[in-house]
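# What the coordinates show
Spelled out, the chains give:
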Amino acid sequence: MLQTKNYKFWFCTGSQDLYGDECLAKVAQHSKQIVEELNKTGILPYELVWKPTLITNELIRKTFNEANADEECAGVITWMHTFSPAKSWILGLQEYRKPLMHFHTQFNEEIPYDSIDMDFMNENQSAHGDREYGHIVSRMRIERKVVVGHWSDPVVVGKIASWMRTAVGIMESSHIRVMRVADNMRNVAVTEGDKVEAQIKFGWEVDAYPVNEIAEAVAAVSEADTNTLVEEYYSKYDILLEGRDEGEFRKHVAVQAQIELGFERFLEEKNYQAIVTHFGDLGALKQLPGLAIQRLMEKGYGFGAEGDWKVAAMVRLMKIMTAGMKDAKGTSMLEDYTYNLVKGKEGILEAHMLEICPSIADGPISIKCQPLSMGDREDPARLVFTSKEGSGIATSLIDLGNRFRLIINDVDCKKNEKAMPKLPVATNFWTPQPDMYTGAEAWILAGGAHHTAFSYDVTAEQMGDWAAAMGIEAVYIDKDTKIRDFKRDLMLGEVFYR
Ligand code: MN
């Protein structure tokens, strides 16, 4: 499910024909070596492809247009080894439509004090050439990532790797299709939004289906297929009967297995990668999809509760950006539920009625069957667990009427102080940066929602770069946030994004 295209990134080195063939041969040799070494690090999540040195207006324009047309190319990384007059880049840049990085590096790490002469200076002048190039990109107001440093530095390579994931998020954003089998919950404001504008800005297709169409797909799942999946659940998860009859419990679990299979087939058949449900609009479904949705999220589907299509698309986006990541700790929809306000132990208990992705779980995962406090259906089966420790980001995309704003909060996830044996849902617990009080105040001032798209594996920088590429406002709540400055950021946003 999480498979995306076999994306590649092009490495384009800029120069000009003033320096003679000998110099240009060295430029090509150096950039080839850099590409080879970068690919060898094992740090980059996608392959880097070397392209012949760009020295003329025609070649630059042609190369950028080839990058546009190549379905596997997710972005171009540019570097000016020598000086490259930037007017040569105008038409190519103007016609280029994919993510752009400016890698401000140079071939040699150290100045060769003993041997340096003017030939060396002319050949190795990215300090000079990259400024000329950077100027034209800024003048043309083109969004790009600038990474500075020597190409052999693992920190620098890590920055390129991180941006590659952002770039794939930018490319894949326009392939996200959200299926709504329920409208937004009545009277709720923050989960609403302009779906036409979301398609213009992010490329998301958000479509509605009658809930009973998907319920029919669920009913069509055979008993044999359902039982096979129930067996898988029983082998994978702990069963917490809590006094319930064993046979009846298993029947409740089977309802979720049938929903998982029916939903997945329906989503696959109709090519959707994210879904929203609503506990108040279940049609012929016997239970609110709980365990079923949790499993689908783990497979890479986006999900938003109560019709929250923005969160569904954001969860899917973050799943794409972290696809195939080594040691990934997980990505999920979450909801700010209740606080601990004891001094020194402040934090937010994150949960939902049911639908938390088990990718964020720490330790054993159990199945419970409990009544829902809302709605009028059978007691749904759900996966219960607590979550990993460590830093993560909580994001909320809101519609302000005239524009979207992405709120990004660095959070520190912690173990619950004590077990909560009576709570029948999965949880996470975090303290927002810079502290509980400033973090929550800033979140509320910014208009952030109670639903969030959360990830341990995506950084605030990546989400901010994605927002910039989409042309929307992003605000950061992190260790540096001060309310006075934050309010000014919001005011500036009002002017800039009007
Ligand atoms: Mn909710």
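Scroll up to find the structure this text is about.
First, a word on scope: everything that follows refers to the structure included in this document. (Residues numbered from 1 in each chain as written. Predicted model: local features only at pLDDT ≥ 70, side-chain atom pairs only at ≥ 80, totals over all residues. Heavy atoms only, no water.)

## Considerations on the side chain of D478
Looking at the secondary structure, you find D478 in the loop between β19 (473–477) and α15 (483–496). K479 provides the closest opposite charge to the buried, salt-bridge-free D478, at an N-O distance of 6.2 Å. Among all residues touching D478, those that are not within four sequence positions of it are D410, Q433 and P434. (Helix = DSSP H or I, 4+ residues; strand = E, 2+ residues; numbered from the N terminus. Buried < 20%, exposed > 50% of the residue type's maximum accessible area, 1.4 Å probe, protein only. Lys, Arg positive; Asp, Glu negative; His and termini not counted. Salt bridge = Lys/Arg side-chain N within 4 Å of Asp/Glu carboxyl O. Contact = heavy atoms within 4.5 Å.)

## Some details on the packing of aromatic side chains
For the coordinates displayed, the defined rule picks out 17 aromatic pairs. Ring centres 5.0 Å apart and planes at 50 degrees place the aromatic pair F202 and F404 in the tilted group. One end of the pair, F202, is in helix α7 (residues 195–202); the other, F404, is in strand β16 (residues 404–413), with 202 residues separating them in the sequence. Across this residue pair, the class does not change: F202 and F404 are buried. Centre to centre, the rings of F454 and Y456 are 4.8 Å apart; their planes meet at 80 degrees, and the pair counts as edge-to-face. Residue classification places F454 among the buried residues on the basis of a relative accessible area of 0%. The ring centre of Y272 lies 4.3 Å from the NZ or CZ of R177, which sits over that ring. Lying over the aromatic face of W309, K310 brings its terminal NZ or CZ to 5.5 Å of the ring centre. (Phe/Tyr/Trp six-rings, centres within 6.5 Å; stacked < 30°, edge-to-face > 60°. Lys NZ or Arg CZ within 6 Å of the ring centre and 35° of its normal.)

## Observations concerning the packing of helix α9 (residues 223–236) against helix α10 (residues 246–270)
The geometry of a pair of packed helices is captured by two quantities: the angle between their axes and the separation between those axes. Interhelical geometry of α9 versus α10 gives an angle of 115 degrees and a closest axis separation of 8 Å. By the angle class used here, α9 and α10 are roughly perpendicular. Taken as a pair, α9 and α10 cross one another with a handedness that is right-handed. Here D225, T226, L229, V230, E231, Y233 and Y234 of α9 lie close against α10, whose contacting residues are F249, R250, V253, A254, Q256, A257, Q258, E260, L261 and R265. Residues of the contact of α9 with α10, tallied by class, amount to 9 nonpolar, 3 polar and 5 charged. (Axes fitted to C-alpha atoms, helices over the stretch in contact; angles between N-to-C directions. Parallel < 35°, antiparallel > 145°, perpendicular 65-115°, else oblique. Left-handed = near helix turned anticlockwise from the far one by under 90°. Nonpolar A, V, L, I, M, F, W, Y, C, P; charged D, E, K, R; others polar.)

## Some thoughts on the pairing of strand β7 (residues 205–208)
Sheet topology note: the strand β6 (residues 177–180)/β7 ladder contains 4 bridges and is parallel. Its bridge partner lying in β7, V178 is registered against V206. For the crossover that starts at β6, traverses α7 and ends in the parallel β7, the hand is right-handed. (Pairing = 2+ DSSP bridges. Right-handed = clockwise from strand over helix to strand, strands pointing away.)

## Re the coordination of the manganese ion
The protein atoms donating to the manganese ion are E306 (OE), E335 (OE), H352 (NE2) and H451 (NE2), with metal-donor distances spanning 2.1 to 2.2 Å. Binding-site remark: the manganese ion is held by donors from one chain whose sequence spacing is E-x28-E-x16-H-x98-H. In this pair, H352 sits in the loop between β12 (347–351) and β13 (361–369) while H451 sits in strand β18 (residues 451–455), placing the two residues 99 residues apart along the sequence. Note on accessibility: H352 and H451 belong to one class, buried. (Donors = N, O, S within 2.8 Å, 3.2 Å for Na, K, Ca; no water.)

## Concerning the sheet that holds strand β5 (residues 145–148)
Ordered by their spatial adjacency, 5 strands build an open sheet running β2-β1-β3-β4-β5, and the pairing between neighbours is parallel. Pairing within the sheet leaves two strands with one partner each, and these edge strands are β2 (47–50) and β5. Neighbour-to-neighbour, the strand axes of the sheet open up by a mean angle of 25 degrees, direction not taken into account. Packed onto the sheet, helix α6 (residues 154–173) meets β1 (8–14), β2, β3 (73–80), β4 (100–104) and β5 and runs at close to 140 degrees relative to β3.

Purely spatial values, then, with no claim about function.
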